[in-house]
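What follows is the residue order along each chain.
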Amino acid sequence: MASVSTPARQAAAGSRRAGFRRAAATGRPRSGGAGWLFATPFLVFFTLFLIVPIGIGLWMSFTDASLTGHGDSAFVGLDNYTEAFGDSQVWQTLGNTVWFTVLTTVPLVLVALVMALLVYTGMPGQWLWRLAFFASHLLPVAVVYQIWSMLFQPDRGMLNGLLNIFGIDGVAWLTGEKYAMWSIALVTLWWTVGFNFLLYLAALQAIPDHLYEAAALDGAGAWRRLWSVTLPQLRRTTGLIAVLQVMASLKVFDQIYLLTKGGPNGATRPILEYIYDTGFTNYRLGYASAVSYVFFGLIIVLSIAQLKIFSRRED
């Protein structure tokens, strides 16, 4: 049975078409309020657990707040920041943090790249290699501490045992100032390289096959394809991993606190441990907040610098 077009139906259809045309012309959906409704839970938690604590910490950095106080902290202006810039412990722990970042960033990029290339080229038992390379990243820091504290034992540790087999004296891995930071860098490499490996492997699998086919038709060998096709295609991923790794290394705390507690003689003490000790051991929350915001500003500057450097390389 044919439908009858009434004036009311024609008017309703015309209004719907006019609404669609207006939405298309403005480029906005007709019901934009629904997006905010779905985003509200995230925005509430984001504000409560990030924005508000940042604001409270920033205000606290301008006061002499103490962990033992009861709201009686006084406003001291920039005194905490002035003290922070003149504090030798701040500069020493910051230097330790930067040195750790230098020791870990380059190996964590290069080793992850080599691991991903070995798996991507089709080694036998790929599932086993992928599991072995990534499994350590799943371990909690307490387990990592237990494993490596036993390996680093001066008398019964496996590492010194291997050195003794070759007639080499044992090394004070965690108690010698010369070796402690290198030892922690080794632990960090073993523990966290799996995440970077996974990022590189995903990027390798996303490279179009026709690029390799074109290079092979031009007579390019395996090494030439690596240098001319693979590595240029991984430039963005390398930049991302480098930025993420620098940020993660600057925020080091767990493995150092468990393995050496900042020793020996403060040789491995990072700035976050100094902030922790200042706020929760010496009860100076105001001064600890000021030091943390100085460190936060340094991280922001380094992040912007890295992004600009890698964006210029892309151009």
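Scroll up to find the structure this text is about.
Think of each chain on its own: its residues are numbered from 1, step by step along the sequence as written. Local features in this predicted model are restricted to residues whose pLDDT is 70 or higher, and side-chain atom pairs enter the listing and the counts only when it is 80 or higher, whereas totals over whole chains, interfaces and linings include all residues. Side-chain numbers here rest on the full set of heavy atoms in the structure, without hydrogens or water.

Describing the packing of aromatic side chains
Okay, step 1: Under the pairing criterion, centres of Phe, Tyr and Trp rings, with the six-membered ring standing for Trp, must be within 6.5 Å; the plane angle then separates stacked pairs below 30 degrees from edge-to-face pairs above 60, leaving the rest tilted. Applying the stated criterion across every chain yields a total of 16 aromatic pairs.
Okay, step 2: Between Trp-99 and Trp-182 the ring centres are 6.0 Å apart and the planes differ by 80 degrees, which places this aromatic pair in the edge-to-face class. With Trp-99 in helix H4 (residues 88–120) and Trp-182 in helix H8 (residues 180–205), this pair connects stretches of sequence that are 83 residues apart.
Okay, step 3: Classification of residues uses two cut-offs on accessible area relative to the type maximum, computed with a 1.4 Å probe and protein chains only: under 20% is buried, over 50% is exposed, and between them is partly exposed. Note on Trp-99: relative accessible area 39%, which makes it partly exposed.
Okay, step 4: Ring plane angle 70 degrees and centroid distance 5.7 Å describe the contact between Trp-148 and Trp-190, whose orientation is recorded as edge-to-face. Within this pair, whereas Trp-148 is found in helix H6 (residues 141–151), its partner Trp-190 is found in helix H8, the two being separated by 42 residues in sequence.
Okay, step 5: Residue classification places Trp-190 among the partly exposed positions, given a relative accessible area of 32%.
Okay, step 6: The rings of Trp-59, Phe-62, Phe-75 and Tyr-81 are connected pair by pair, giving a single aromatic cluster.
Okay, step 7: The rule is short: NZ of Lys or CZ of Arg within 6 Å of the ring centre and within 35 degrees of the ring normal puts a charge over the ring. Sitting above the plane of the Tyr-257 ring, Lys-261 keeps its charged end 5.8 Å from the centroid. In this description a helix means any DSSP run of H or I spanning at least four residues, a strand means any run of E spanning at least two, and both kinds are numbered starting from the N terminus.

Some details on the pattern of salt bridges
Once their charged atoms are close, side chains differing in charge can pair, the charge on each being opposite to the other.
Okay, step 1: A pairing counts as a salt bridge when a side-chain nitrogen of Lys or Arg comes within 4 Å of a carboxyl oxygen of Asp or Glu. Using the criterion set out here, one finds 2 salt bridges in the structure.
Okay, step 2: With its nearest N and O atoms 3.0 Å apart, the salt bridge here joins Arg-284 to Glu-83. Taken as a pair, Arg-284 in the loop between helix H13 (271–281) and helix H14 (285–314) and Glu-83 in helix H3 (residues 79–85) lie far apart in primary sequence, 201 residues in all.
Okay, step 3: Relative accessible area serves as the criterion here: at 34%, Arg-284 is assigned to the partly exposed category.
Okay, step 4: Put simply, Asp-277 and Arg-269 hold a salt bridge, and the shortest N to O gap is 2.9 Å.
Okay, step 5: The buried category is assigned to Asp-277, whose relative accessible area is 16%.
Okay, step 6: Given a relative accessible area of 18%, Arg-269 falls into the buried group.

Details of the environment of Leu-94
Okay, step 1: With respect to the secondary-structure elements, Leu-94 resides in helix H4.
Okay, step 2: Leu-94 sits in the buried class, given a relative accessible area of 14%.
Okay, step 3: Separated by 176 residues in sequence, Leu-94 and Pro-270 place their C-alpha atoms 6.4 Å apart.
Okay, step 4: With residues up to four places along the chain from it excluded, the contact list for Leu-94 reads Ile-271, Phe-295 and Leu-298. Working rule for contacts: check all heavy atoms of both residues, and any pair within 4.5 Å makes them a contact.

Some details on the side chain of Glu-273
Okay, step 1: Counting through the fold element by element, Glu-273 comes out in helix H13.
Okay, step 2: For the buried residue Glu-273, which engages in no salt bridge, the nearest side chain bearing the opposite charge is Arg-269, 4.5 Å off.
Okay, step 3: Those residues in contact with Glu-273, other than ones at most four positions away along the chain, are Phe-253, Ile-256, Tyr-257, Lys-261 and Gly-262. Charge assignment in this entry is limited to Lys and Arg as positive and Asp and Glu as negative, and neither His nor the chain termini are counted.

Some remarks on the packing of H4 against H8
Okay, step 1: Axis lines are fitted to C-alpha atoms, over the contacting stretch for helices. Their N-to-C directions set the angle, which ranges from 0 to 180 degrees. Here H4 crosses H8 at 40 degrees, and the two axes come no closer than 6 Å. Relative to H8, H4 is oriented oblique. Pair H4 / H8 crosses with right-handed handedness.
Okay, step 2: Classification used: nonpolar for Ala, Val, Leu, Ile, Met, Phe, Trp, Tyr, Cys and Pro, charged for Asp, Glu, Lys and Arg, polar for all others including Gly. Among the residues forming the contact of H4 with H8, the class breakdown is 24 nonpolar, 6 polar and no charged. Comment on the angle field: the value is read as roughly parallel under 35 degrees, roughly antiparallel over 145, roughly perpendicular from 65 to 115, and oblique elsewhere. Throughout, a crossing is termed right-handed when the near helix is turned clockwise from the far one, and left-handed when it is turned anticlockwise from it by less than a right angle.

Brief notes about unusual backbone geometry
Okay, step 1: Residue Pro-264 is bonded to the preceding Gly-263 through a cis peptide linkage, with omega at -5 degrees.
Okay, step 2: As for its placement among the helices and strands, Pro-264 is situated in the loop between helix H12 (254–259) and H13.
Okay, step 3: Even without being a glycine, Tyr-283 presents a positive backbone phi close to 65 degrees.
Okay, step 4: For Tyr-283, the location among the structural elements is in the loop between H13 and H14.

The values reported here are purely geometric and, on their own, carry no functional implication.
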